[in-house]
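# Structure at a glance
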Amino acid sequence: MSDWLEASFAHQRPRAIAALTRYFRDVETAEEAFSEACIKALTDWPKNGTPRDPFAWFLTTARHAGLDKLRKAQRQTRLLAENRIVMESDAPPPPDPHELRDDVLRLLFICCHPALERQDQIALALRIVGGLTVPEIARGFLAKPKAMEQRITRAKKKIAAQPVAFETPSPRERGRRLGEVSLMIYLMFNEGWSTSDAPTQIRLTLCEEAIRLARLMTELFPGMGEPAALLSLLLFQHARRDARIDATGHLVAFEDQDRQLWDRAATAEATAFFHKAQRIGHQGPYRIQAAIAAEHAAAPTPAHTNWPVIEAHYAALHVLQPTPVIRLNLIAVQAKTQGPEFALREMETLKTDLRTYRWYHTMRAALLTQTDRPEAAIDAYRAALDLGPTGPERTVIEEKIAACRKNMEGL
Amino acid sequence: MMYAITIYGEAGMFENLPKDRQEQVMANHHALQEKLQDRGDFISVKLMPPSSAVTIDPAPDAAADPLIIDGPFAETKESFLGFYAAEFSNLEEAITHARMISSPIARLEVRPIAWAGGAISTD
């Protein structure tokens, strides 16, 4: 039975903690009050049945628990003196949907505080909003639980010292918060996706949590394009999880993936949210990236890929985000549409900017191999090996070097 | 008589369940689908989350266009998640089949069908 209850707690958690944070004006108190309510639910619900409105039950129960604790605690004097909490005998009504969505956005935005390092922002969101335990988060970041615990504690202190305004945000401010929170969710997913050093299952937790938060944003802001585009992008990517690692734990290059292994349900849902973002007319970077993923998903085999359309998408993305890495992605597509020699010439202009970016070197090596320059390719692969690739990446690179050697003997 | 078994619940609850519980829920659905398959034609539909929906509201007056809202019909806690439709000899039999997919994350409704037509499948 407790599995079902815990699923319900996890479901209520982001909204409940968000509403409680506004009520108590303090994240820590909100978290503690919610935990108290969960403990009460574990005994109450099996006995009296699941409440018809679990969210309302949680708010009422957690408010009581939190106020009890505050009355007893020393900080009572401070908080009550500042009159930060309205101590009404009648509990205020549950927040309306518009209040609630700003509450959840605010809570996530608090986690994204600029005073925190990006990884700490992600860890904090996983802890406070996702409700993951510290050991779970530590595994996600390949860190020691003890160190993670200290980092989270420090991060919580920092955000408590710099409170965020609790008024309803202006539309402009809401948009800004949504942008910050979306970026954090996007990076949370990438954190889980890119470092494949550990057993993949552990890393996928971060991807799944990011998707859960992206879903939550689409529920709260169903009429906005950015959350729909972000969820679409993450689902397209996540759909490929089983195809990108083979049975022996090797990374499988995108073009070599068995597309039968792409998760069809996830791809279908990604497509649905992509269409919705398009309908709303959203034009941000997530939508363009989702458009690229949608194009790949529509091709039954790599040979069917519509590279000119993808090139146009990358060119548009580069206008929005003129970074060397996006440019490198654009050139990778141009290698298909305009040939490897063209791509190698274009890459020369990125030589300095991307000299420590290992994908620059592996891509250059692949193009050199393609144009029958195995010796130069080996040098480029070696440069990538010096830049700290993950275990599975190192294996792939070493195999490529061996293949180049064989190629040279054949020449 | 044809009956619909409609499923309501909080979107996202299924995803919050641990994997073995998810499999248990799915196994019950597969068992029902197999049983219905043996009896003849049936429909089985799982909807995507409500946040993927748009709503078309009636035009405010005869001269105007219907209003398209980029969101679900209602921001309710429980939403319509999917349904089955099949021929049953009576209400009791429909209820017996609906019970097969009962779980703590779903509320089920059994309702007689007035008219049905068409045939679709995503497979």
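Calculation rules
Residues numbered from 1 in each chain as written. Chains lettered and ligands numbered in written order. Predicted model: local features only at pLDDT ≥ 70, side-chain atom pairs only at ≥ 80, totals over all residues. Heavy atoms only, no water. Helix = DSSP H or I, 4+ residues; strand = E, 2+ residues; numbered from the N terminus. Buried < 20%, exposed > 50% of the residue type's maximum accessible area, 1.4 Å probe, protein only. Contact = heavy atoms within 4.5 Å. Areas by Shrake-Rupley, 256 points an atom, 1.4 Å probe, with all protein chains shown as cover. Lys, Arg positive; Asp, Glu negative; His and termini not counted. Charge placed at Lys NZ, Arg CZ, Asp CG, Glu CD. Axes fitted to C-alpha atoms, helices over the stretch in contact; angles between N-to-C directions. Parallel < 35°, antiparallel > 145°, perpendicular 65-115°, else oblique. Left-handed = near helix turned anticlockwise from the far one by under 90°. Nonpolar A, V, L, I, M, F, W, Y, C, P; charged D, E, K, R; others polar. Core = buried A, V, L, I, M, F, W, Y, C linked by side-chain atoms within 4.5 Å. Salt bridge = Lys/Arg side-chain N within 4 Å of Asp/Glu carboxyl O. Pairing = 2+ DSSP bridges. Buried area = accessible area lost by both parts, 1.4 Å probe. Polar contact = N/O pair within 3.5 Å; in protein donor to acceptor, adjacent residues only side chain to side chain. pLDDT = per-residue confidence, 0-100. Expected span 1.5 Å × (residues − 1). Arc of directions from axis to C-beta. Phe/Tyr/Trp six-rings, centres within 6.5 Å; stacked < 30°, edge-to-face > 60°. Lys NZ or Arg CZ within 6 Å of the ring centre and 35° of its normal.

### Here's the deal with the overall build of chain B
Within chain B one finds 3 helices and 6 strands. Put simply, chain B runs from its N terminus to its C terminus through helices and strands in the order β-α-α-β-β-β-β-α-β. Taken along the three principal axes of its C-alpha coordinates, chain B extends 50 × 35 × 30 Å. When each of the 123 residues of chain B is scored for burial, the buried share is 28%. Long-range pairs, those at least 24 residues apart, make up 73% of the contacts in chain B between residues at least 6 apart in sequence. For chain B, the accessible surface area stands at approximately 8000 Å², while carbon and sulfur atoms represent 57% of it. Side-chain charges in chain B split into 9 positive and 18 negative, and the spacing between the mean points of these groups amounts to 9 Å.

### Remarks on the packing of helix α15 (residues 324-337) of chain A against helix α17 (residues 358-370) of chain A
Residues and elements named next belong to chain A. Packing of α15 against α17 brings their axes to within 11 Å, and their N-to-C directions diverge by 15 degrees. Regarding the angle of α15 to α17, the classification is roughly parallel. The two elements α15 and α17 meet at a crossing, and its hand is left-handed. Contacts from Leu328, Ile331, Ala332 and Ala335 of α15 reach α17 at Trp359, Tyr360, Met363 and Leu367. Class assignment of the residues belonging to the contact of α15 with α17 gives a composition of 8 nonpolar, no polar and no charged.

### Overview of the nonpolar core
Residue and element names in this part refer to chain A. Within the largest apolar cluster, 87 residues are counted, with the highest numbers of intra-cluster contacts made by Leu108, Ile128, Ile185 and Met217. Of all the elements, helix α10 (residues 200-220) adds the most residues to this core, at 10 residues. The next biggest cluster of nonpolar side chains, apart from the first, holds 22 residues, and it includes Ala384, Leu385, Ile401 and Cys404.

### Some points on the pattern of salt bridges
Residues and elements named next belong to chain A. Evaluated as defined, the whole model comprises 27 salt bridges over all chains. Among the salt bridges present, the one from arginine 22 reaches aspartate 103, with a minimum N-O distance of 2.6 Å. Taken together, the positions of arginine 22 in helix α1 (residues 2-24) and aspartate 103 in helix α5 (residues 97-111) put the pair 81 residues apart, joining distant regions of the chain. A salt bridge links glutamate 209 to arginine 212, with the nearest nitrogen and oxygen atoms 3.3 Å apart. Of the two residues, glutamate 209 and arginine 212 both sit in helix α10, 3 residues apart, roughly one turn of that helix. For glutamate 209, a relative accessible area of 12% translates into the label buried. Here the residues in one salt-bridge network are Arg22, Glu99, Asp103 and Arg106, joined through shared partners.

### Structural notes on the sheet that holds strand β2 (residues 42-46) of chain B
Residue and element names in this part refer to chain B. Reading across from one edge, β2-β5-β1-β6 is the order of the 4 strands in this open sheet, with antiparallel pairing throughout. Only two strands of the sheet have a single neighbouring strand rather than two, namely β2 and β6 (107-112). On average, each strand axis in the sheet is inclined to that of its neighbour by 15 degrees, with strand direction left out of account. Two elements, β2 and strand β5 (residues 79-87), share 5 bridges in a ladder whose sense is antiparallel. Bridging across to β5, valine 45 finds its partner in phenylalanine 83. With respect to the sheet, helix α2 (residues 19-39) is in contact with β1 (2-9), β2 and β5, its orientation differing from that of β5 by roughly 30 degrees.

### Observations concerning the interface of chain B and chain A
With 29 residues of chain B at the contact, the number on the chain A side is 28 residues. Surface buried jointly by chain B and chain A totals about 2400 Å² across both partners, of which 57% is contributed by carbon and sulfur atoms. A per-residue breakdown of the area chain B buries against chain A is headed by Asn16(B), Ser51(B) and Asp70(B), which together make up 24% of the total. At the junction of chain B with chain A, the criterion picks out 2 salt bridges. For Arg21(B), the salt bridge identified is with Asp3(A), shortest N-O distance 3.1 Å. The element best represented in the side of chain B that touches chain A is α2(B), accounting for 4 residues. For the side of chain B that touches chain A, the class distribution of residues is 13 nonpolar, 8 polar and 8 charged.

### Topic: the side chain of His29(B)
All names here are of chain B. Topologically, histidine 29 is positioned in helix α2. Among the polar contacts made by the side chain of histidine 29, one reaches the side chain of tyrosine 84 at a distance of 2.7 Å. Residues in contact with histidine 29, not counting those within four places in the same chain, are Ile7, Tyr84 and Ile101.

### Examining the confidence of the model for chain A
Confidence in the prediction of chain A, expressed as mean pLDDT, is 89, and 93% of residues score 70 or more. Mean pLDDT in chain A bottoms out at helix α4 (residues 75-81) of chain A, which sits at 60, and peaks at helix α11 (residues 225-238) of chain A, which reaches 97.

### Focus: α2(B)
Here α2(B) contains 21 residues, and its C-alpha end-to-end distance of 30 Å stays within 8% of the 30 Å for a straight helix at 1.5 Å per residue. Buried within α2(B) are the following residues: Arg21(B), Gln22(B), Val25(B), His29(B), Leu32(B) and Leu36(B). Take α2(B) and look down its axis: the buried residues cluster within an arc of 115 degrees, on one side only. Opposite its buried face, α2(B) presents the exposed residues Lys19(B), Glu23(B), Glu34(B), Gln37(B) and Asp38(B), each directed more than 90 degrees away. Tucked into the core, α2(B) has its buried residues touching α1 of chain A together with β1, α1 (13-16), β2, β5 and α3 (91-99) of chain B. Once α2(B) ends, the next one or two residues include Gly40(B), with phi positive near 135 degrees.

### Things to note about the packing of aromatic side chains
Residue and element names in this part refer to chain A. According to the stated counting rule, one finds 13 aromatic pairs over all chains in the structure shown. With a centroid separation of 5.8 Å and an interplanar angle of 25 degrees, the aromatic rings of phenylalanine 254 and tryptophan 262 are classed as stacked. Relative accessible area serves as the criterion here: at 24%, phenylalanine 254 is assigned to the partly exposed category. Ring pairing ties together the aromatic residues Phe9, Phe34, Trp45, Trp57 and Phe58, which thus form one cluster. The cationic tip of arginine 240 hangs over the ring face of tryptophan 262; the distance from NZ or CZ to the ring centre is 5.2 Å. When the ring centre of tryptophan 193 is taken as origin, the NZ or CZ atom of arginine 244, which lies over that ring, is 3.9 Å away.

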